[in-house]
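# Examination of the molecular architecture
For reference, the chains in residue letters:
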Amino acid sequence: MEINLWINGKEFKDDVLPDTVLIDFIRSKGFYSVKRGCETSNCGLCTVLMDGKPILSCSTLALRGNGHDITTIEGIEEEALEFGGFMADQGAEQCGFCSPGFIMTVIAMKNELTNPSEEEIKNYLNGNLCRCTGYMGQLRAIKKYLEKGSK
Ligand code: FES
Ligand code: FES
């Protein structure tokens, strides 16, 4: 089945099997920032944006991407680096395994919510798991990042 979609603004047309998952399609095009964790919709590591909204690429069929805009970290490198600086300042990263999906979700939240409360931030991020940190450093980094964006 042929699909036609855009990844970071670049158009791709290709044949996929009915059960090809989006993460495999994206990685086959060279966007290796998108990583596998649980593959069961639980960890958030494989998060990409579809038309600006976070989705789990491990449990989304490539066919569902047909006609849509997909964004990975490679497409928002500057913003990702900026947020990464806030994470580093707050000592919010340990092994860094969760970071690719986490950063995508934070950036989607920044674009979607205006002045989110702590509760709203936690709700938005509840699908992105981190096994190392306890989340307090990330929360501080997000608040500082959002504060800076609203100045
Ligand atoms: S790898 Fe997709 S949610 Fe864990
Ligand atoms: S920093 Fe290790 S899983 Fe998040």
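Residues numbered from 1 in each chain as written. Chains lettered and ligands numbered in written order. Predicted model: local features only at pLDDT ≥ 70, side-chain atom pairs only at ≥ 80, totals over all residues. Heavy atoms only, no water.

## Points about the overall build of the chain
Counted only if it meets this: Strands are runs of DSSP state E lasting at least two residues, helices are runs of H or I lasting at least four, and both sets are numbered from the N terminus onward. In this treatment the radius of gyration is a C-alpha quantity, and the globule benchmark scales as 2.2 Å times the residue count to the 0.38 power. Under the scheme applied here, a residue whose accessible area is under 20% of the maximum for its type counts as buried, over 50% as exposed, and between as partly exposed, the area being computed with a 1.4 Å probe on protein chains only. Residue contacts follow a heavy-atom distance rule, with two residues in contact if any of their heavy atoms lie within 4.5 Å. For accessible areas, the Shrake-Rupley method is used with a probe of radius 1.4 Å. Any residue's cover is judged against the shown protein chains and nothing else. Neither His nor the chain ends is counted toward charge; the positive residues are Lys and Arg and the negative residues Asp and Glu. Positions of charges follow a simple convention, taking NZ of Lys, CZ of Arg, CG of Asp or CD of Glu.
Secondary structure assignment for the chain yields five helices and five strands. Helices and strands in the chain line up, N terminus first, as β-β-α-β-β-β-α-α-α-α. Scaling as 2.2 N^0.38, a compact globule of 151 residues should have a C-alpha radius of gyration of about 15 Å, and the chain matches this with 15 Å. Overall, the chain is about 45 × 30 × 25 Å in size when its C-alpha atoms are taken along their principal axes. Per-residue burial for the chain yields a buried fraction of 42% across its 151 residues. Of the contacts formed within the chain by residues at least 6 apart in sequence, a portion of 57% connects residues at least 24 apart. If you sum the accessible surface of the chain, you get close to 8,100 Å²; carbon and sulfur atoms cover 49% of it. Between the averaged position of the 16 positive side-chain charges in the chain and that of its 21 negative side-chain charges there is a distance of 5 Å.

## Quick look at the packing of helix α2 (residues 77-89) against helix α5 (residues 136-149)
When two helices pack together, their arrangement is given by the angle between the helix axes and by the axis-to-axis distance. Heads up, the condition is: Helix axes are fitted to C-alpha atoms over the stretch in contact, other axes to C-alpha atoms as well, and angles between N-to-C directions run from 0 to 180 degrees. When describing relative orientation, an angle under 35 degrees is termed roughly parallel and one over 145 degrees roughly antiparallel, while 65 to 115 degrees is termed roughly perpendicular and anything else oblique. Working rule for handedness: look at the near helix, and if it is turned counterclockwise from the far one by less than a right angle, call the crossing left-handed; if clockwise, right-handed. Amino acids outside the nonpolar list (Ala, Val, Leu, Ile, Met, Phe, Trp, Tyr, Cys, Pro) and the charged list (Asp, Glu, Lys, Arg) are all regarded as polar, and Gly is one of them.
Interaxial distance between α2 and α5 falls to 8 Å at its minimum, and their mutual angle equals 125°. As far as their axial angle goes, α5 and α2 are oblique. The way α2 lies across α5 gives a crossing that is right-handed. Counted together, E79, E82, F83, F86 and M87 of α2 and Q138, A141, I142, K144, Y145 and K148 of α5 form the full contact between these two elements. Each residue belonging to the contact of α2 with α5 can be placed in one class, and the counts come to six nonpolar, one polar and four charged.

## Describing the nonpolar core
Under the convention used in this document: For this analysis, a nonpolar core means a set of buried residues of the types Ala, Val, Leu, Ile, Met, Phe, Trp, Tyr and Cys, connected via side-chain atoms within 4.5 Å.
F83, F102, V106, I121, I142 and Y145 are the most contacted members of the largest nonpolar core, which totals 23 residues. Among the elements of the structure, α2, α3 (99-112), α4 (118-124) and α5 are those that each provide at least two residues to this core. Those residues within four positions of F102 in sequence are excluded, and the remaining contacts are F83, M87, L125, N128, Q138 and I142. Membership of the second largest hydrophobic core comes to 19 residues, among which are I3, C46, M50 and C58.

## A word on the packing of aromatic side chains
Our working rule: A pair of Phe, Tyr and Trp rings is counted when the ring centres sit within 6.5 Å of each other, with Trp represented by its six-membered ring. The angle between the planes then sorts it: under 30 degrees is stacked, over 60 is edge-to-face, the rest tilted. In this analysis the charged atom, NZ for Lys or CZ for Arg, is taken to sit over a ring once it is within 6 Å of the ring centre and within 35 degrees of the ring normal.
One pass over the structure, following the stated rule, counts four aromatic pairs. Relative to F31, the ring of F12 lies with its centre 6.0 Å away and its plane at 90°, an arrangement referred to as edge-to-face. Pair noted here: F12 is in strand β2 (residues 10-15) and F31 is in the loop between α1 (22-28) and β3 (47-50), with a separation of 19 residues, a long-range link. Among the residues examined, F12 registers a relative accessible area of 12% and is labelled buried. Ring centres 6.2 Å apart and planes at 40° place the aromatic pair F83 and F102 in the tilted group. One end of the pair, F83, is in helix α2; the other, F102, is in helix α3, with 19 residues separating them in the sequence. Relative accessible area serves as the criterion here: at 0%, F83 is assigned to the buried category. Classification of F102 as buried rests on a relative accessible area of 5%. In textbook terms, an aromatic cluster arises when at least three aromatic residues are bridged by ring pairs, as seen for F83, F86, F102 and Y145. Its guanidinium or amino end placed over the ring of F25, K29 lies 5.0 Å from that ring's centre, counting from NZ or CZ. Across from the ring centre of F97, 5.7 Å away, lies the NZ or CZ of R131, which sits over that ring.

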